[in-house]
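An overview of the molecular structure
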Amino acid sequence: MARAVSNSVKARNTAIAWIIAILIFFPILWTILTSFKTEGTAIADPPVFLFFDWTLENYATVQDRSDYFGHFMNSVIISVGSTVIGLAIAIPAAWAMAFVPGRQTKNVLMWMLSTKMLPPVGVLVPIYLIFRDWGLLDTRIGLVIVLTLINLPIIVWMLYTYFREIPTDILEAARMDGATLRSEVVHVLLPMAVPGIASTLLLNIILAWNEAFWTLNLVAANAAPLTAFIASYSSPEGLFYAKLSAASTMAIAPILIMGWFSQKQLVRGLTFGAVK
Amino acid sequence: MTSTRALMGSAAGLALAAGLATTASAAEITIATVNNGDMIRMQELSPQWEEETGNTIEWVVLEENTLRQRVTQDIATGGGQFDVLTIGNYEVPIWAAQDWLAPLDDLPEDYNADDLLPSIRQALSTDDTLYALPFYGESAMVMYRTDLAEEAGVEIPDSPTWAEIRTAAEAMTDQDAGIYGICLRGKPGWGENMAFLTAMANSYGARWFDMEWQAQFDSEEWQAALTDYLELMTQYGPPGAAANGFNENLSLFQQGKCGIWIDATVAASFVTDPEDSQVADSVAFAQFPNREGVDNHGNWLWSWNLAIPSSSNEMEAATDFITWATSQDYTRMVAEQEGWRAAPPGTRTSLYENAEYQEAAPFAEMTLESMNAVDTDSPSVQETPYTGAQFVAIPEFQGIGTAVGQQFSAALAGQADAEQALQQAQSLTQREIDRAGYGSN
Amino acid sequence: MATQHSRAAARFMIAPSVVLLLAWMLIPLGMTIWFSLLRYNLLMPGENPFVGFENYSYFLSDPAFQTAVINTLLLVGGVLLITVCGGIGLAVLLDQPMWGTGIVRIMVISPFFVMPTVSALVWKNMFMNPVNGLFAYVADVLGLPAYDFLTAAPLASIIGIVSWQWLPFATLILLTAMQSLDSEQLEAAEMDGASSWSRFYYIKLPHLARAITVVILIQTIFLLSIFAEIYVTTAGGPGNASINLTYLVFQESLQRYDVGTASAGGVVAIILANIVAIFLMRMIGKNLDA
């Protein structure tokens, strides 16, 4: 940053930003804290913030009652699987659209995005019937297929906007050197496209991880991911804030941690062509 | 020390032997159930069954509404994802009529089906064949705080009228101390506020439909019931009551925030549980109220039951499981582990004849009395074209009940008055029922 | 510029995506349109007679329909307004020099990683609950009566919850755009004595136009079919106060099990979504070509 800023201005900025950030983050923090309270402490009046007897009993109860690891693995397989397959299908398409744009390219892209506007509930019964007939109910492969398809438009769009920013003169230069299409892609484009692909990958894992309609309606036990896991804590009898918090923390922790660590990669490509 | 070891060793050996003996027929069954306390206990105890039989269980535990949607969708489309379903006595006869459920006609001798409470057995049978086995059953009754009643100088008789309930609620209310005289369901849903309001309307002499299938929300009885409900709740109820269902009220009552709570009898064992309830030793019970001169105490009958879809491939293991989970032995097992008070109530006569249970469960007598008072053939004192209880036993009721529940919940939230809510209810009910073709023949 | 050869290759590369999406769209959509013309209720199996447009007239004459359309627009519009304005504000703020940018940014983007179901459950129970919620406690401390958010202002509360989830997304995109702004231009303006407001209004804001369109486009796609948040918090109520189109269709299909009417509703929702889409595409098209 070239501009010199006085420390007092910087301090003011810092204070405002921290206050706002903490407010935004507070619900998550509160959930995590509550997960370590007993049910009684969780609804204590006045609420206790940090000074209570920390306990792991809620985690034990939740783990006892539902197979967290099984659900977790399903979430991983489904979100990563659908994203990887989606990328495999979308990268060629986005590449072609970005570097060999035709008259219809923009329309095709817009049409792809519009398929995402199909309200899922409207097509649930048809999909359920198809899944039943093909034996895909309660299978991971079934969910991978559905999530690949619903996120494909976003993947294509993100990659397209990113690829478009890759300067074409580099391509021209490569062509001059007599590079084939293949080596053009492998040696020139892919290295430049990696940040875009990485952030597309991350964003789609997040979206697939959090998808809560199809993952709840097309599975029973075998393929149930964490969204189904949380559904069994949503409104039980008696006091449940602490157990709900523990289950919530367990459901969001993996993706939250992944998000924190890959924040930079995620942000870099997350422009959707908004930056020129 | 050694003896324990030996014991454990032989137990393991036995289990192993049992496992080996049944490996050939070992099955994996998928059970869909609701996340209520009793079912979670069943889940915790089920490894015992798995060990005895060598079968394994995949659990699908969901919140009630989600469970109902998943299970209905699956059975109606023949998805075949589940081997054992947890369903209510509302669904059982309707689904049995569609041949969606396997008839349970060859139950093992020692199951002792004659021990089932008559009203429950009747509700789960079609042509004298059981289509589901009851896991626990409930009616509804009044639960109230004796300490608060005493303090306020009011007394609630064993069989109170609504007027007496109102007086008591008024006297117990102390909003500054966070004590609300009465807690009732307000959360919209046919199994939530409409279960309560239908029962309340029954006890006012109201009915959903007359013999020509005309909706009856314009009747004086419904008007009186809804008006009284709204007045009770707005004056003496907790804030946010329009979002409170069974679970929310249970938690309020356990925290000592309610004077009176009128709800399912099954709640009694939770509010008297000293571990979860701060008011465990000051709760008393009374029969569901009625309007003066109306001989009806709500007619509330609900049971959660285990049934087997006719599409199941593991019929034998599934049958074995549901007979195990609803047997007298299972009850005994729960009693040994958690005490008699926690035994799943409302399904078997023998439980209520058990001296230990009577001793441990002060609510036993009132529960049995309430359940026996139910007549599902005539839910109202007026003639009805339908059977039912706190619901109308037609497939369309889920949709209609929930839509009407939304209107009444809105009234409780202060977004409409009783008059408007009833008018809305009347027109939407008639619209649905006409479309479904009732009364046109 | 592109050769015949590369054009053919391009088509070949786009084909899998197009074919898959076409199948994904046409098969269920075709079935949905077909079902919408039948009397088809899951709870009453038997033959499903053809009834023409009866389901449509039933769905469109539902008293909740109009409310649902208005609510859908309010929900989308409200969330967009909050997230775009809030996002601009946050982007401007986070663009300033400060201590601990990394941690601040992590905290700000965290809500985006939270499952909609979880966030709805947490907000509903631990914050908005009028008896045990944290807001009720705060109100109590301030000597105010507890405000019953989900009953008294259901739609606004849901807009709040959804905005919380999407604010990070808007902030991130806007911040990235902001940081791509040429700092020399800003410095020049500063030298010329432009106030910080006019620097924002005349330089930063126009620069963000494209990013704002992108935020609107992507979020609208997700916001049109908001479901979990409503299902968990208000179930569309009280009355129909917080019902949206998706939820109305859900009621038909999974509460009444009326596949015919639900399919008709689905088709109506698709048509309406596409009307919104056309508007959006126009807007985006203009802004993105530049």
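Everything below is about the structure shown above.
Our focus in this paragraph is the overall build of chain C. Secondary structure assignment for chain C yields 13 helices and zero strands. Reading the helices (α) and strands (β) of chain C from amino to carboxyl end gives α-α-α-α-α-α-α-α-α-α-α-α-α. If you line up chain C on its principal axes, its C-alpha atoms span 80 × 75 × 30 Å. Of the charged side chains in chain C, 11 are positive and 15 negative, and the gap between their average positions amounts to 9 Å.

It is worth spelling out the overall build of chain B at this point. Of regular secondary structure, chain B possesses 18 helices and eleven strands. Relative to the globule expectation of 22 Å for 441 residues, the C-alpha radius of gyration of chain B, 23 Å, shows essentially globular dimensions. Seen through its C-alpha atoms, chain B measures out along the principal axes to roughly 70 × 55 × 35 Å. When each of the 441 residues of chain B is scored for burial, the buried share is 63%. A separation threshold of at least 6 residues defines the contact pool for chain B, and within that pool the share at least 24 residues apart is 75%. Once the 17 positive and 66 negative side-chain charges of chain B are each reduced to a mean point, those two points are 5 Å apart.

Let's shift gears to the pattern of salt bridges. Tallied over the full model, the rule gives 21 salt bridges over all chains. For Asp-114 of chain B, the salt bridge is made with Arg-121 of chain B, and the minimal N-O distance between the two is 2.9 Å. Asp-114 of chain B sits in the exposed class, given a relative accessible area of 64%. By relative accessible area, Arg-121 of chain B is classed as partly exposed at 28%. Within this structure, Arg-435 of chain B together with Arg-39, Glu-54 and Asp-258 of chain C form a network of salt bridges that share partners.

Turning our eyes to something else, we now look at the nonpolar core. Of all hydrophobic cores here, the largest spans 352 residues; its most connected members are Phe-163 of chain A together with Trp-208, Ile-260, Phe-321 and Phe-408 of chain B. If near-sequence neighbours (up to four positions away) are discounted, Phe-321 of chain B is found in contact with Ile-29, Ile-31, Met-42, Ser-46, Trp-49, Ile-57, Trp-59 and Leu-306 of chain B.

Quick look at the sheet that holds strand S8 (residues 180–183) of chain B now. All names here are of chain B. Read from one edge to the other, the open sheet built from four strands follows the order S8-S9-S7-S10, with strand pairing classed as mixed. The sheet is open, and its two borders are formed by S8 and strand S10 (283–287), each paired with just one other strand. Pairwise comparison of adjacent strand axes, ignoring direction, gives a mean angle of 20° for this sheet. In this fold helix H7 (residues 162–172) packs onto strand S7 (140–145), S8 and strand S9 (258–264), with an angle of close to 140° to the strand it touches most, S9.

Rules behind the numbers
- Residues numbered from 1 in each chain as written.
- Chains lettered and ligands numbered in written order.
- Predicted model: local features only at pLDDT ≥ 70, side-chain atom pairs only at ≥ 80, totals over all residues.
- Heavy atoms only, no water.
- Helix = DSSP H or I, 4+ residues; strand = E, 2+ residues; numbered from the N terminus.
- Lys, Arg positive; Asp, Glu negative; His and termini not counted.
- Charge placed at Lys NZ, Arg CZ, Asp CG, Glu CD.
- Rg over C-alpha atoms; globule rule 2.2 N^0.38 Å.
- Buried < 20%, exposed > 50% of the residue type's maximum accessible area, 1.4 Å probe, protein only.
- Contact = heavy atoms within 4.5 Å.
- Salt bridge = Lys/Arg side-chain N within 4 Å of Asp/Glu carboxyl O.
- Core = buried A, V, L, I, M, F, W, Y, C linked by side-chain atoms within 4.5 Å.
- Pairing = 2+ DSSP bridges.
- Axes fitted to C-alpha atoms, helices over the stretch in contact; angles between N-to-C directions.

Everything listed here is a matter of geometry and, on its own, says nothing about what the molecule does.
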